[in-house]
Amino acid sequence: MKVLVYSAKKFEIPFLEAANKTKHQVMFTEEALSSATAMKAVGYEAISIFSADEACFVTIEKLKDFGVKYISLRSVGHDNVNLRAASRLKIKVANVPAYSPHAIAEHAVALLLTLNRKLIESNARVRHYNFNLDNLVGYDLNNKTIGIIGTGRIGAVMCKIMHGFGCKLLGYDIDKNIGLEKNYGLQYVSLADLCANSDVISLHVPLNSDTHYLINEDLISEMKEGTIIINTARGAVVNTSHIIKGLRSRKIGALGMDVYENEKNIFFKDRSVSVPDDSLLIELNALPNVLITGHHAFLTNEALTNIAETTIYNLDCWSQGKETENELTA
Ligand code: NAD
């Protein structure tokens, strides 16, 4: 099958080539999919896209016209794809439902520890041979309450890790995981109760119409003073403006984020010479208690191997006229 991989990054190409061997004719482009770049897919039966690619209604219609039959996502999240349009136009879409939940959960923990123990500030001082310890006080995570919003694959690993730290666990999900209650003492509560009683809140829900701006000023106002929020899910699960207000009022003690609601067209590129004209991002970057990483929680060898293997597996199934269990379209 002829496959065009959009948004191909140098770091992932070797993994995709290793998984593909010589099965499919795979071409790579650094460009992201949009209605403007859909034309590049002319002559390809399949494309592969990542989270910064935009497969909206218009783009899907164009892809259909250009003869694309299959879209193999290299991500878990699929909020960037209009699945209804794809189903209607008979374009099959599949994702990588689980690559390494450990990669994401461990990154969430890294953000938390770095913020709580003020490692960036500490290291900046040491680099200048300043060994003063003022304003570097954090707290023990042991016995603190961690609220985990979304207890699916990644949230479950987060529960396991934070249980190891000796934390009390509160969970919020539309689907309860009884194993987490049994094994780690997780207590499911309402979203309001989770927000009101957690020292740290970690987000692990997909972005959809129900979770868009799930964390807003009403919930923030009920949080404990100094709550740490960690978001490795999707940027728009939190209302960024409300979070900034919370940070300024100190209601939110710190924010660790790997995802940002306006990250499309900003993340995954070197923007150091043309700083993005994005006031929210600039404001976040200026706050000392905010730690931002550029959507790289998935960047481990294990995750990249699994992503590449499942992306190629989905294409293998389609090229053999079979269904893949990872299909998202009806
Ligand atoms: P998952 O499907 O295993 O778990 C998601 C959980 O959220 C499920 O338990 C589900 O019941 C729950 N949920 C869905 N809608 C909800 C709602 N309205 N209210 C409460 N709970 C709800 O997914 P996962 O593998 O754990 O991934 C979670 C999210 O993490 C993905 O959707 C993706 O957006 C994000 N992610 C980010 C990165 C990254 O690099 N930063 C990488 C992978 C995934």
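Here the structure is shown first, and the text comes after it.
Residues numbered from 1 in each chain as written. Predicted model: local features only at pLDDT ≥ 70, side-chain atom pairs only at ≥ 80, totals over all residues. Heavy atoms only, no water.

(A) Structural detail: the sheet that holds strand E4 (residues 70-73). If you trace the five strands from one edge of the open sheet to the other, you get E2-E1-E3-E4-E5, paired in parallel fashion. With one partner strand each, in any of the chains shown, strand E2 (25-28) and strand E5 (92-94) form the two edges of the open sheet. In this sheet, adjacent strand axes meet at a mean angle of 20° when their direction is disregarded. Two strands pair when backbone bridges link them, and E4 and E5 are joined in this way by three bridges, in the parallel orientation. Within E5, the residue paired with Tyr 70 across the bridge is Lys 92. Sheet contacts for helix H12 (residues 301-319): strand E1 (2-5), strand E3 (46-49), E4 and E5; angle to E4, the most-contacted strand, approximately 160°. (Pairing = 2+ DSSP bridges. Helix = DSSP H or I, 4+ residues; strand = E, 2+ residues; numbered from the N terminus. Axes fitted to C-alpha atoms, helices over the stretch in contact; angles between N-to-C directions. Contact = heavy atoms within 4.5 Å.)

(B) Quick look at unusual backbone geometry. Even without glycine at this site, Tyr 213 takes up a positive phi of about 55°. Assessed through its relative accessible area of 29%, Tyr 213 is described here as partly exposed. (Buried < 20%, exposed > 50% of the residue type's maximum accessible area, 1.4 Å probe, protein only.)

(C) Spatial organisation of the site of the ligand. As a matter of local geometry, the ligand sits amid 26 residues, with Tyr 99, Arg 153, Ile 154, Asp 173 and Asp 258 nearest to it. Between the ligand and Asp 173, the relevant distance is 2.6 Å, taken from an oxygen atom to a side-chain nitrogen or oxygen of the residue. A distance of 3.5 Å separates a nitrogen atom of the ligand from a polar backbone atom of Ile 174. With the chains in place, 88% of the 870 Å² that the ligand exposes on its own is no longer accessible. (Near = heavy atom within 4 Å. Polar contact = N/O pair within 3.5 Å; in protein donor to acceptor, adjacent residues only side chain to side chain. Areas by Shrake-Rupley, 256 points an atom, 1.4 Å probe, with all protein chains shown as cover.)

(D) Highlighting the sheet that holds strand E9 (residues 200-203). If you walk across this open sheet you meet the seven strands as E8-E7-E6-E9-E10-E11-E12, and the pairing is parallel. One side of each edge strand has no neighbouring strand; the edge strands of this open sheet are strand E8 (187-188) and strand E12 (290-292). Where strand E11 (residues 252-257) meets E12, three bridges bridge the pair, whose relative direction is parallel. Following the sheet pairing, Met 257 is matched in E12 by Ile 292. Against the sheet, helix H10 (residues 240-248) contacts strand E10 (227-231), E11 and E12, and its axis sits at roughly 140° relative to E11. Of the strands in this sheet, E11 and E12 touch helix H11 (residues 279-286), which is tilted by about 120° from E12.

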